Structures are given as structure tokens and as C-alpha cells.
Amino acid sequence: MRQIKYFVFGLLFSILSLPLLAQDVGIDFQNIKVDQLSDSQISQLYQRMQDRGLSISEVEQLALTRGMDPAEVSKLRRRINDIRSGSGDSDQTSGEESGRIQMGQPQGQLPPGIQPPYESVRVDTMDMLLDRQVQDSSTVFGANIFTNQYLTFEPSVNIPTPANYVLGPGDEIVIDIWGASENTYQLPVSPEGAVRISSLGPVYVSGLTIEEARARLTNKLSEIYSGLKGEDKNTYVQISLGDVRSIKVNLIGDVNVPGTYTLSSLSTVFNALYAAGGPNKDGTYRSIKVLRDGSVHKEIDLYDFLISGDLSSNITLRDQDIIKIDPYINRIQVKGEFKQNGLFETLDGETFEDLLSYVSGFNQYAYTKRVKVERNTDTEKRVLDIAYPDQANTVLQSGDIVTAQRILDRYENRIEIEGPVFRPGEYQLEKNPTLLTLINNAEGLMGDTFMERAIIYRTQPDYSIEAIPVNLNNLLADSASHDIELIKDDRIKISSIFDLREFQTVKISGSVLSPGSYPFVDNSSLKDLIFEADGFKDEAAPYNIEIARRIDGDRSATIHNEIAEIISVNIENGLTYSSQLEEIELKPFDQVFVRKSPSYETQQTVRITGEVLFPGEYAIPSRDFRLADLIEKSGGLTEFAYAEGASLTRDIEDEVDQREVNLADSVLDQRVQSLSKVGIRLQDALGNRNSNYNLLLQPGDELKIPKRLETVQVRGEVLYPINVRFENSKSFKSYIGSAGGFTEQANTKRAYVVYANGEVDRTKKFLFFRNYPDIQPGSTVIIPPKEETQKLSTAERITVLSTIVSLAAIVTNTIFQIRRN
């Protein structure tokens, strides 16, 4: 657990938070006797601590503030630790070692519900405490160390008791005796400054260091333990510090939360500063005074810690010490290309060199030759230039704004070469003063270099661009006469012969395995291209290959009608190399077409399902394979087949009629599904093989022969869509009646029937009579909805009426004028 000395913002927490928390916890701390509390009551207190998000240190501070005796606070802490460790009334406290309480516990190892010191209090008071600091001095260098919940400057307690520690009322001394006699004493220092040892009376230790107290107590104990002294010494004693007392420290001046703080006697200046939130927006970081016994005991410069990590000035506080924070001395604003920006405080006489060490120097983008300083005079501002490093000893003044500018985004010695050289890119001018030197350092020209012309693009002083042409043949032949001296920012562009012409390709399509465009290669033949395309497909007709070749400009000038030269080629002998004249050489942009053999066909199938003897998939043996042929191949219809309801499904997705897209969803689904069928009449096809109903089958067709269907589906705008038993005597309206009749949205004029074989029949009207389609087994009756009409809104009606009235007035006025004339 953590000792009472580790709390955050003591006075502020006591004034603002503790009364409410004490009331919430519901305990009379002033009269409490810990020994009289049961484990259950301690558990309830611990649970309330967790509910409130309080640490043990905060509860201890709460108890002391509410008047609880410090000895009882120590007992309370032990009891809470026992509850946490599950040891009940055990006298041993978790975290104790040799009678000395382990005051620190790493974050992340705390029991559930117990927060690290400061955390919950800082959450409750953060907005109020940091309101000014965050808004007004968030850029003050060092301010963040007093708002960082992970940096508390807590003193280490896992060390031997400091020899120079001065004892006082509230401390606890632990005396361990072993040897011929064994005993342990835990002795609190009374308000009078003494510890009481049975059979010895009070021993005054207040004001003594721990070493001085050890000598005095050993001398006193030798009166009852004779073995502690003499030549025959057989008893030994160890005296150490147990619990430590609380001290009161006052923080005044320009501090965020001034006041009196109750701290541990091991606390340091930084502990107190952190508890009070550090200097406020006007407080100094360079001259913090610790007043003791009416005089300045220590003056602390926080920059020693912030810059160098030096904590040697972080002295241990004593009771009634005063920490005084004066206004800042000089404050400098740092901007631009420094490693740190913000507000920095300087002492009188400190220079730019000192400031540069505070900001950790320039960053990598800084222009360091000149640093701009904006300075306030008595009447206006002035600008001061600091030449670095020559004028680094310039003394800064409060209010200065120091700015380091950024280096220019340009190069002082860069030249660049691009094109067909082996190492294009940027080069240093000093090592490449001439064009030929640069080409040689770029490992020379490639073989595809266009030698007749290169260009040097040169930037003039007015930033205009000049182009300087170079003949590379002349340069290489006579460098003394044709070499050119380079200057910074020159860009040399060398072209490839391939850059100066259209990229040449040849294309092959049709019955090859990898059709597409391929780069043109000199002296390549047709067979080479087919080989590059991975050869012929089985379907290819190598005896009928065409090459479409561009016509050159001179020829097209005389033959206006011809736009391409067509070359027919027969290479039935395959891709075997031939030195004969028929080896066709390709030209740039040739397009090769490999035709498919007219006699080549892949196996194609159709499927028949339902009431036939042998349903399944069948190959199409000939181009005139028809419905009746498929029925015959499948063994014919069974005795249960319903030929009138046979349907043919064909993939005609691209032919779906979208004119009915305004149908209701259910109707639309049915409509799209019916359009995937081909209406057939299987009985007529079987009765007359030469009839138009004996359709030619296509690959992928599926013929479905259902059993006799005995129901009729009614869908769409009816009150209760339903499947109805088919009856010969029932009419169209009877089936509608079975579904509850039409809805108000029913479009009875456009009602239609989809038959089981895929055919569709609709309602027809002649004069005043309406003829409904016949119903057959397996039919689907569909009642589409009426088309929605857009009604005019009130505003639209008013607009229309106003327009009509205006037009009427114009017409009336025109007629009146005509009559007058």
C-alpha cells in the first residue's frame, strides 16, 4: 500500500472534496476505534473506497482531516491491507518488511479497485486545477511535468533509513532485539517527543537523527538487556524507522494551488510542487525558494532537472517549510526550426547560446546562419539578427521572440541527367563540371541512344528556362570543341530511339491460347507470333489465317479506297521452321486473325427432368436435335407425366423485359422467373414432329416434365394470395374469389395467367365485355397493381390555380383591348 505521505493536492482536496467524500463514506472518523471494528465493517469501508475510486492514501488523508488519531490511521491502514490480502485479523501487514511498511507498489500490480496515488483526485480536480495552466501556459517549458499523472517524484522507500533523518512526533521506531534475548518494539514518538519502553520509561528522541537515536536507545536498552554491552556481548539490537510522521508545508506565490499541504516527512520539494500543480502561468521555474527558519534555505532551478536530469537540489522538506514561487524572471518565446518550441525562462545575463541548450538545439531543417529576434522597445518593436555562431553570446531580454527559419527548398550544386545512360539521376556539380564528364560518370550511353540530339535545360537568373541542343556524335568525336560547361540546376535530357516513335506492337486474336498484343520484334515471323501466343487451340483453322497490315502513307495517297492490306496465309504444316518463301515476316502493327474451323464443335448437352423413363443429361448429336428427339432418347413419358405442363428453361437473361419494373416485388419475381422459360406445347410437338412446336434445342436447355398438377396459384393484388385446388368447373373469377377478391389497388384490366408450360395469356376486352383467360392445372394467376399517380400537393395546386387565373386575366384584358379598338 501507499503511505499517507503520497497524496495529491492535499489542501485543495481537503477543502473541496473531503467533506463530501466523508459524508458519502458515512464514517465518523473523529471517534472511531479501529480495534472495535469487525472485519465486515472494514470490508464495507474498503468496498466504499472502491466505489468512489479512492486509494488508501486518500482515505488516510480523509481520516486525518476529519480528526482521526494518527495511531488509529496506522491501524486502519493495516486492517485494510489484511482485508485486501485475505488474512482477516492477522497482525502482519502486506508489504511490510522488518517492521517497516513498503510504501510503494508498481502501477499495474494494484488490487482491483485500488488506484495509484493521485489518480482519482486528479481526475476530480483536473479541470479546475489546470483551467488556467492548460489554456494560458501550455507552451511554457516544463509545465507538463506537473500535469503528468505518471511522474509524481515519489521518494523511494525501499532503501535503508537515511542516517541524517531527524525524528519527530508521529514517527514510529522499530527495535528488533535478538541473541540471548529476543523482542520487538514498535514505538510511536509521542507529541512530547519521547518513546516509551516498558521498565525504562520515556526516552526523548525528537530532534535527533536516526543515528543519534540509535545510540541513545541502545544505551537505555542495555539497562535491561545486559548482553548488549561488555566483553561477553551476546545480545544485538537493530533500530530502524517504521511509519513516518506527517509534516505541514506552505506553498505561496505564483503556484497553481497555493496553501498548506500535509506531506510525509520524507517528501521533497518536487513532491510538494507536484501536489500543488507546479508554478502557474506567471510563476518562475528558475528561482524557487525554500524558506526555513525565516531565511532562504535553498534556491532551486527546475531547469537543472528539465535539461540535465539533475535532482541534487531536490532537498527533503521539514515541518513548516515554506516554498515560495516568485514571478518569472525573463520569458522568451521560441518559434520555428528548433527541436523544441514554446516559452522558455532565462536568467538575467543569459545568452542565445544558453537558450539554444534549453531548446536542445536546431532541428535538421533550420537555417542557422541567421536567427531572427523580435524585441520590444519602450515605444515599438524592433528586429535583431543574430549571426550564428559568431553572435551566440547575444544577451536576450524578456519578451524576445526568437525564430529560426527553414532552409530553402533548393540545391546549390545539383545537376541531373535522364535518359538512356546506365546511371541516370542527380549528381554533384563539382565532380561533373562538363557534359562529357557527367556522361562518363553516369557509366556512359546505352546502345539505343538517339545520338543526333540531346538537350540541356538551363535555369536563367530570372528563372526562365533555356534549351541548349547538343549533338552527341560531335561531342564524342571532338570533346575539346563541343563539350559544354555545366552550371547548377542544369537538367540534361537524352532520348532513346524508341522514345521518338510510336511503340510498335503486333496483335493476334482468335483461336490461339494467349491472344493479345505483343511488342514488335525485328525479323519476327507469323509463326514466331503464334508461338509467343502459346500456339493454336484445337478449334483453329491454320489454313485460313489473315494478316491486316497498315498501308504506308505514300501508297494510301494513291489508293484512297484501301485502308488495310489483307494477307491470307495457310500454315497447315504447323509451327515447324521453314526456310521457304512462305515464311511470312511481320511488320509493326500487324493484326493476325486465326479463324475457327467451321467443322469444329465441342460437346454440348441438354437436360431433361421429371416424368420420363431416363431423366438426366444428354449430348446434342446433331444441329437439328429437337424436343421430340430428346423425349425419345430419354425413353418416353411415364404414365404420370403431365405433358401439357411441360416447360423448357433457356438462358435468356439478356432478353428479360424490363417494362414491368413497377410491379410489386412478388409479382416482379414471378414475372422475371417466367421470362426464363420458353412457352412450348409438348403434346403438339410429339404428335407432329414437323410442327412448329417441335423446337430445336440449344446447349444448356432444360426440359421439365411435371406430374399432373392439381393446384392453381393466385398472386398479386388479392386479399389473400393462395394456392387453390384446380377444378374444371371454376372460372377465372372463381379463383380470384377463393383468394378473397381484388384489393383496391388491383389492376383487373391487366390480369394475366402464366401456364405451367411457360406460356402467358392476359385479360382481353371487346366492346363492353371482358374476357378472362382460361385456367389450367399448374397455372399462376397474377393480378398486377395499378400504376401510381402523383397527386398534386396543396402548394402545387395553388400554383396551378394562380397560373390559370393569371392566364384568364390576360385573355380577358386582350379581348377587352381588341373590342375597344
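Predicted model only: the values in this text are computed from it and were never measured.

(A) Structural detail: the sheet that holds strand β12 (residues 322–327). One open sheet accounts for five strands, arranged β9-β8-β12-β10-β11; its pairing is mixed. The open sheet has two edge strands with one neighbour each: β9 (259–264) and β11 (295–300). If you compare each strand with its neighbour and ignore which way they point, the axes differ by 30° on average.

(B) A look at the confidence of the model for the protein. The predicted model of the protein averages 80 in pLDDT, with 81% of residues at 70 or higher. Taken together, the stretch residues 88–138 has pLDDT below 50 and engages in 121 contacts with residues farther than four places along the chain or on a different chain.

(C) How the structure looks around the nonpolar core. Core analysis: the largest hydrophobic core is formed by 48 residues, its most contacted members being L251, V269, L273, L317, I323, F338 and V402. Ranked by residue count, the leading element in this core is helix α7 (residues 269–275), at six residues. With residues near it in sequence (within four places) discarded, F338 still touches F352, L356, V359, G361, F362, N363, V371, V402, T403 and A404.

(D) Layout of the sheet that holds strand β7 (residues 235–241). Read from one edge to the other, the open sheet built from three strands follows the order β4-β3-β7, with strand pairing classed as antiparallel. Each edge of the sheet is formed by a strand with only one pairing partner; in this case those strands are β4 (183–188) and β7. Each neighbouring strand pair of the sheet contributes to a mean axis angle of 15°, computed without reference to strand direction. Where helix α6 (residues 210–221) meets the sheet, it contacts β3 (172–179) and β7, and its direction lies at approximately 145° from that of β7.

(E) Geometry of the environment of S634. The topology assignment puts S634 in the loop between α15 (627–633) and β30 (647–649). When its relative accessible area of 0% is taken as the criterion, S634 is described as buried. Each C-alpha atom, one on S634 and one on E611, is 10.0 Å from the other, the two residues being 23 residues apart in sequence. The residues contacting S634, other than those within four sequence positions of it, are I608, V612, L613, F614 and Y618. Within the structure, S634 has its side chain in polar contact with the backbone oxygen of I631 (distance 3.0 Å).

Criteria and thresholds
Residue positions are counted from 1 within each chain, in the order its sequence is given. Totals for whole chains, interfaces and linings use all residues, but because this is a predicted model, local features are given only for residues with pLDDT of at least 70 and pairs of side-chain atoms are given and counted only at 80 or more. Derived side-chain values reflect all non-hydrogen atoms in the structure, with water molecules and hydrogen atoms excluded from consideration. Following DSSP output, two strands are said to pair if at least two bridges run between them. Helix numbering and strand numbering both begin at the N terminus, where a helix is a DSSP run of H or I of at least 4 residues and a strand a DSSP run of E of at least 2. With axes taken as lines fitted to C-alpha atoms, and helix axes fitted only over the stretch in contact, angles between N-to-C directions fall between 0 and 180 degrees. Values of pLDDT, which run from 0 to 100, indicate the predictor's confidence residue by residue. Contact criterion: two residues are considered in contact whenever any of their non-hydrogen atoms come within 4.5 Å of each other. Among the buried residues, those of types Ala, Val, Leu, Ile, Met, Phe, Trp, Tyr and Cys that are joined through side-chain atoms within 4.5 Å form a nonpolar core. Burial status follows relative accessibility: with a 1.4 Å probe on protein chains alone, a residue under 20% of its type maximum counts as buried, one over 50% as exposed, and anything between as partly exposed. Here a polar contact means two N or O atoms within 3.5 Å. Within protein one must be a hydrogen donor candidate and the other an acceptor candidate, and residues neighboring in sequence count only if both atoms are side-chain atoms.

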